[in-house]
Each structure stands twice: as C-alpha cells, then as structure tokens.
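The chain contents come next:
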Amino acid sequence: MQISQMKKFFCFIEELTPAASSKPVNKWQDDYDKMIKPLIIENQPAYILYRLDTKSPDSGYDWLFISWSPDTAPVRQKMLYASTKATLKQEFGTASIKEELHGTVPEDISLEGYHKYKRNNAAPAPLTTAEEELAELRKNTVTTDYSVETRHQTLSGVAFPVTDEAKQAITELGKGIHEYVQLKIDLEEEKIHLVMACDVSLDKLPTKVPCDSARYHLYNFKHTHEGDYMECIGYSCSIKERMLYSSCKAPLLELIQSLGVIIAKKLEVNSGEELADMLEDPPTIKETATITPATPSTPYAPPQSIPEKKSKQKRSCILS
C-alpha cells in the first residue's frame, strides 16, 4: 500500500476537511515544489502535511506540518485556523510530525523557504545589547584563584605588538649588556617602540622620566643590601594615555619575563622628582627562608639565623 506524499486540509464551519492528497513520485525534495505550489490559494489559509523520506521506529514516516496563513486572508479565518491547529496535530499524531513550517507568503513555504528556515534554526539566537556586552566581558575575564592575599585582574589587557628592536634591547638587558631600557607606545601605530638603551647611574635615573608623556622603564639595579628593587612607570600625561599604558602593562610584563628579564619590583610614579624621593629610601623585598620547626623535645627552640649576604646582586626593575 502506497502512502500519500501530501495531504491538504481546509477548515469549513469549524470542521477540518481533507481537500487534496497526492502520491509520491520521486524523492521528497524533487516532489516538494511540484506538489506544494499548486495548493497555495492567495486568500485561503490551509494546513498541509508533507511526508518526508525518513522513518521513525515507532511512528513510521516523518511528516512536515505546513501552516499556510496569508496576510490577505480574513481575520476570522486566520483565528479559526489558529484555534484548530493543536487539534489537527493531536488527531494526526504529534509523534509523526518532526518539523513545522509557517508561511504568510508563498516564498515562506517553498523548498528554498524550508531550507532557509532550517538554517535560521541552526544559527545562534540574536543577543540584546546587554547580552553582547556581558558575553564580551566574560570572554575577557581572567580566571584566578581567590585568596585574601592575592590581587585579582578582571580584564586581560591590551597586547600591542612590540618591535624587534625593543625585544632585542630587552634581551640584552637580561644579559647585562645594558643597564637601562626605555619603551613607549605609539598611539597611531598601536605598537611599543624602543626609545633608548644605555647605561645610567642610579642618581641620574630620575632624569630619564619625561615630564610630558608616559613611558615604560626597565632598570638593572645593583645593590649590596638585602632585598630587590624595582619597576617604575612615569604618568605625566593625559588620562587617555594613562589608561592605555595601564592596559598594556600586564601583556608587556609577560613578554619581558619570557625574554629572560626577571622583574623584582614594580613602581608607578608621576614624575622624575617622585622617583628621586623613592630612591633615597628604596623599599626592600626580604628573601623568605625555611625555618626548621621545633621538635617535641625542644618546643621552644629559637629559629636559626640566616647569614647576611654580602655579594652584589643584579636584578631588573621596570619603570613605567
């Protein structure tokens, strides 16, 4: 027994009545437009059930439920069809209806309209402005471990490209060829360039901080006392430039450390005078040492003393 490829229903005086049916000839895609287009009446709503070639184990052939409701149809008819839609689906068997297609113009229920409907369903739902902003924020959020002693970064920062000349100077700083490297952001090119790489004494370091523009400074600080020093960022500039330098700082630090320069201390200053004041009494970072805990036999044993280091050390500092 051959099952009809297509069934069409009209609703007359609140009663669903079969209007037409056809038997399959070729594959459902080949028969679709040939069978569906002749059934479309301009001002007359209709339900069309179109059989697909796929089958389900429990319900047999899969069917496409087409709801044709042209805009030019009388309002009463459109309301009547909308109210009987659920009844038709239930009587036919909802398990057999795999897809639904609604159309108000002939192009909506053509084969091309069906494929367009499938593509739209597969595409992600459009987002509101608030949802787009939230998605962008989540994309840029940095995941960190929470602790009372940790500082958290919510944005990943802006990673401007660094010129080869600047990378070379940073590498040479790590090898001890230079004592001081100064970098700047070119706002038009959106790149980080080398300003200078040279040897500078500690007392002359504040003179390298410009008074009218921001800079990143890297300095090899030689010292004899315990502790390490430093990074510094000059910020005598506009608010916009300050924000840009601050956003680029984290990615730049990652690059600097990947080139072999260990940042022992970081400072942010507004001028060379402020840096000079800091250098008069530089902060120190105490090196941590493991203390052997007291044994039960000596519960009050004092911690062992750590001999003071007298050798000179060279550590890097970044001034921004």
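Residues numbered from 1 in each chain as written. Predicted model: local features only at pLDDT ≥ 70, side-chain atom pairs only at ≥ 80, totals over all residues. Heavy atoms only, no water.

When helices and strands are counted, the chain shows seven helices and 11 strands. Sequence separation of 24 or more characterises 64% of the internal contacts of the chain that already satisfy a separation of 6 or more. Counting every atom, the chain has about 20,200 Å² of accessible surface; 53% of that belongs to carbon and sulfur. (Helix = DSSP H or I, 4+ residues; strand = E, 2+ residues; numbered from the N terminus. Contact = heavy atoms within 4.5 Å. Areas by Shrake-Rupley, 256 points an atom, 1.4 Å probe, with all protein chains shown as cover.)

Moving on, we get to the environment of Glu42. Looking at the secondary structure, you find Glu42 in the loop between α1 (28–36) and β3 (46–56). For the pair Glu42 and Asp71, spaced 29 residues apart in sequence, the C-alpha separation works out to 9.1 Å.

Looking now at the packing of aromatic side chains. Applying the stated criterion to the full structure yields eight aromatic pairs. For the ring pair Trp28 and Tyr32, a centre distance of 6.2 Å and an interplane angle of 75° mean the geometry is edge-to-face. Highlighted residues: Trp28 and Tyr32, both in helix α1, separated by four residues, approximately one helical turn. We note that Trp28, like Tyr32, is buried. Each ring, one from Tyr47 and one from Tyr81, has its centre 5.2 Å from the other, and the planes form 55°; the classification is tilted. (Phe/Tyr/Trp six-rings, centres within 6.5 Å; stacked < 30°, edge-to-face > 60°. Buried < 20%, exposed > 50% of the residue type's maximum accessible area, 1.4 Å probe, protein only.)

Within the fold, Pro18 resides in strand β2 (residues 15–22). Once the C-alpha coordinates of Pro18 and Tyr47 are considered, the two residues, 29 residues apart in sequence, prove to be 9.5 Å apart.

Moving on to the pairing of strand β6 (residues 180–186). Successive side chains on a regular strand alternate, one facing one side of the sheet and the next facing the other. Burial of β6 is extensive: five of the seven residues sit out of reach of the surface. Note: β6 against strand β7 (residues 191–198), seven bridges, orientation antiparallel. Bridged to Leu183 within β7 is Leu194. Between β6 and β7, which pair antiparallel one after the other, the connecting turn spans four residues, and Glu190 there sits at a positive phi close to 60°. (Pairing = 2+ DSSP bridges.)

Between side chains of opposite charge, pairing is possible as soon as their charged atoms come close. By the definition in use, this model includes five salt bridges. Note that Glu100 is salt-bridged to Lys85, the shortest N-O span being 3.4 Å. Residue Glu100 is found in strand β5 (residues 97–103), and its partner Lys85 is found in helix α2 (residues 75–92); the two are separated by 15 residues along the sequence. Residue Glu100 is classed as partly exposed on the basis of its relative accessible area of 28%. On the basis of relative accessibility, which here comes to 25%, the residue Lys85 falls in the partly exposed class. The salt bridge involving Glu100 is made with Lys89; its shortest N-O contact spans 2.3 Å. Within this pair, whereas Glu100 is found in strand β5, its partner Lys89 is found in helix α2, the two being separated by 11 residues in sequence. Taken together, the shared-partner salt bridges in this structure form one network comprising Lys85, Lys89 and Glu100. (Salt bridge = Lys/Arg side-chain N within 4 Å of Asp/Glu carboxyl O.)

So, about helix α3 (residues 111–122). Spanning 12 residues, α3 covers 17 Å between terminal C-alpha atoms, matching the ideal 16 Å at 1.5 Å per step. Turning to α3, its buried residues are Leu111, Gly113 and Tyr114. Within α3, the buried residues cover an arc of 160° as seen down the axis, which keeps them to one side. Tucked inside the fold, the buried residues of α3 contact α1, β4 (60–68) and β5. (Expected span 1.5 Å × (residues − 1). Arc of directions from axis to C-beta.)

Scope: geometric values only; no functional claims are made or implied.
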